[in-house]
Amino acid sequence: MPRPETDCRRERQTAQRLFEHALLLIARQHGGDPAQAEACRQAQQQWRQADPCHEAAFRAAQQAWQATEAGSLRNALALPPARTGTPSLTRRRLISVLGLAGLGLATGGLGHWYRAQPLQQLSLRTGQGQIGSSLLADGSQLALAARTEARVLYYRDRREVLLAHGEIRFDVRSDPDRPFIVVTDWGRVQVFGTVFSVAVRQTGMRVAVASGRVGVWRRSAAREGTTALSPDIALTAGDSADIDHAGLRSGHVSPDDVGAWRQGWLVFDAQPLSVAVERWNDYLATPLLLERDAALAGLRLTGSFPIARPAAFLDALPRILPVRVIRSPDGPVRIQARR
């Protein structure tokens, strides 16, 4: 087995290569004609999105680039996006143009980036009709609803979950030195120790708290890249918050209903019918199809239904809302407005 210092040396070498490649991508974007610059920008974006380590390396390289006299280097670094020369020669040329001062800044940026890398990473995923669970290294417990996808990243100063889709119930162990953060395309949730759930759908995000206290921040283009000290809303046990294109709304929820799917129930509290259908489809082999109709857009559903009995839900739905349920033997179940 390799010695620990050998592993650390290999990690540093990997970090160095990623940092150099990110620096090269930045330099190439500033050279050539507009078409070449756009091609470089697209290649740069693809590389950044391929792996969180790429994004972290890019940010460190960008800081180093901006700290130098970048404007005066553009003519010297008019590198085309094509593969001109070997990567090693191109990188040496870049470092030589940056000079010793730039190299020192780059090294400092690399050190900062290396220290900011996650100590642990974990990918979580459940499929159609699957419910999963995960016990994290710090004792926090995660319960995953069906069709959920997330990544867990443990850093030196924080614990972070990137929730792409689905729903997770979190039972977080308190660690004052490392807050627990959930990040989605719709916003951010931060806690130190509590029990809560976060659900992400195409139309929005929902946070519900069973115990403790959490802060919720909306994500918007106007606030991109900034971190507000105070949350947009603070939630305690029995509180909920919904974030969608219309903004942020607060509500109430029974603490016992937070993550009720773990006990085989889907609970809806004045949720849009479209969200209810999407949640049911996470568990059904034959999906429900909600027709596109303005008469259905404003309908909201309240009630508790056993996941194992979707037929009971479909039988009850027309008695709760003004809809018709159209069943076919070899196709999806259609839900229409009743006129």
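Values in this document were obtained by computation on a predicted structure and should not be read as measured data.

Enquirer: An account of the packing of aromatic side chains is requested, with residue identities and associated values reported.
Expert: A full pass over the atoms with the stated rule returns five aromatic pairs. Centroid distance phenylalanine 170 to phenylalanine 180: 5.7 Å. Interplanar angle 65 degrees. Geometry classified as edge-to-face. You can see phenylalanine 170 sitting in strand S5 (residues 159–171) and its partner phenylalanine 180 sitting in strand S6 (residues 180–183), a full 10 residues away along the chain. By relative accessible area, which is 0% here, phenylalanine 170 ends up buried. For phenylalanine 180, a relative accessible area of 1% translates into the label buried. Here the aromatic rings of phenylalanine 170 and phenylalanine 196 are separated by 4.9 Å at their centres, their planes lie at 20 degrees, and the arrangement is stacked. One end of the pair, phenylalanine 170, is in strand S5; the other, phenylalanine 196, is in strand S8 (residues 195–201), and 26 residues separate them in sequence. Across this residue pair, the class does not change: phenylalanine 170 and phenylalanine 196 are buried.

Enquirer: Could you give an account of the sheet that holds strand S17 (residues 323–326), naming the residues involved and the relevant values?
Expert: Read from one edge to the other, the open sheet built from three strands follows the order S15-S18-S17, with strand pairing classed as mixed. Only two strands of the sheet have a single neighbouring strand rather than two, namely strand S15 (288–290) and S17. Within the sheet, the average angular offset between the axes of one strand and its neighbour, ignoring direction, is 25 degrees. When S17 meets strand S18 (residues 333–337), the two strands line up antiparallel, connected through four bridges. Looking at S18, one finds that valine 325 is bridged to isoleucine 335. Of the strands in this sheet, S15, S17 and S18 touch helix H8 (residues 310–320), which is tilted by about 150 degrees from S17.

Enquirer: Summarise the pattern of salt bridges; cite the residues concerned and give the values.
Expert: All chains considered together, the criterion is met by 15 salt bridges. Among the salt bridges present, the one from arginine 159 reaches aspartate 138, with a minimum N-O distance of 2.4 Å. In this pair, arginine 159 is assigned in strand S5 and aspartate 138 in the loop between strand S2 (132–135) and strand S3 (141–144), connecting sequence segments 21 residues apart. Residue aspartate 138 is classed as partly exposed on the basis of its relative accessible area of 23%.

Enquirer: Which residues make up the environment of leucine 290, and what values do they have?
Expert: Position of leucine 290 relative to the elements: it lies in strand S15. C-alpha of leucine 290 to C-alpha of arginine 334: the two residues are 44 residues apart in sequence and 6.0 Å apart in space. Ignoring sequence-local partners within four residues, the contact set of leucine 290 consists of Leu273, Ser274, Val277, Leu296 and Ile335.

Enquirer: Hey, could you go over the pairing of S6 for me, with residue numbers and the actual values?
Expert: Pairing of S5 with S6 involves four bridges; the strand directions are parallel. For arginine 159, the partnering residue across the bridge sits in S6 and is phenylalanine 180. Bridging between S6 and strand S7 (residues 187–191) involves four bridges; their strand directions are antiparallel. Each bridged residue has a counterpart across the sheet, and for valine 183 the counterpart in S7 is arginine 188. In this antiparallel pair of consecutive strands, S6 and S7, the connection spans three residues.

Enquirer: Please give an account of the pairing of S8 that cites residues and values.
Expert: Most of S8 sits inside the fold, with seven of its seven residues counted as buried. Neither face of S8 is open: one carries Val195, Ser197, Ala199 and Arg201, the other Phe196, Val198 and Val200, and all of them are buried. With six bridges joining them, S5 and S8 adopt antiparallel strand pairing. Opposite aspartate 171, over in S8, you have valine 195 as the bridge partner. Bridging between S8 and strand S9 (residues 204–211) involves seven bridges; their strand directions are antiparallel. Bridging across to S9, phenylalanine 196 finds its partner in valine 209. Count of turn residues in the S8/S9 antiparallel hairpin: two residues.

Enquirer: Give me helix H2 (residues 34–50): which residues, what numbers.
Expert: The end-to-end C-alpha separation of H2 is 24 Å, in line with the 24 Å expected for 17 residues at 1.5 Å each. Where H2 is concerned, the buried positions are Cys40, Gln44 and Trp47. Angularly, the buried residues of H2 cover 65 degrees about the axis, an arc narrow enough to put them on a single face. Every exposed residue of H2 that faces more than 90 degrees away from the buried side is listed here: Pro34, Ala35, Gln46 and Gln49.

Reading the values: the criteria
- Numbers given for residues are sequential positions, taken from 1 along each chain in its written order.
- In keeping with the model being predicted, local features are shown solely for residues with a pLDDT of at least 70 and side-chain atom pairs are shown and tallied solely at 80 or more, while totals for entire chains, interfaces and linings include all residues.
- In computing side-chain properties, one takes all heavy atoms of the structure into account and sets aside hydrogens as well as water.
- Only centres within 6.5 Å qualify two rings of Phe, Tyr or Trp (six-membered ring in Trp) as a pair; their planes then separate them into stacked at under 30 degrees, edge-to-face at over 60, and tilted for everything else.
- In DSSP terms, a helix is any run of H or I states spanning at least four residues, a strand is any run of E spanning at least two, and both are numbered starting from the N terminus.
- Throughout this description, buried means an accessible area under 20% of the type-specific maximum (1.4 Å probe, protein chains only), exposed means over 50%, and partly exposed covers the range between.
- A pair of strands counts as paired when DSSP detects no fewer than two bridges linking them.
- Lines are fitted to the C-alpha atoms to define the axes, a helix being fitted only along its stretch in contact, and any angle between axes, read from their N-to-C directions, falls within 0 to 180 degrees.
- Note on contacts: a residue pair qualifies if any of its non-hydrogen atoms lie within 4.5 Å across the two residues.
- Definition used for salt bridges: Asp or Glu carboxyl oxygen within 4 Å of a side-chain nitrogen of Lys or Arg.
- Residue count minus one, scaled by 1.5 Å, sets the expected span of a helix.
- This arc describes the spread of directions from the helix axis toward the C-beta atoms.

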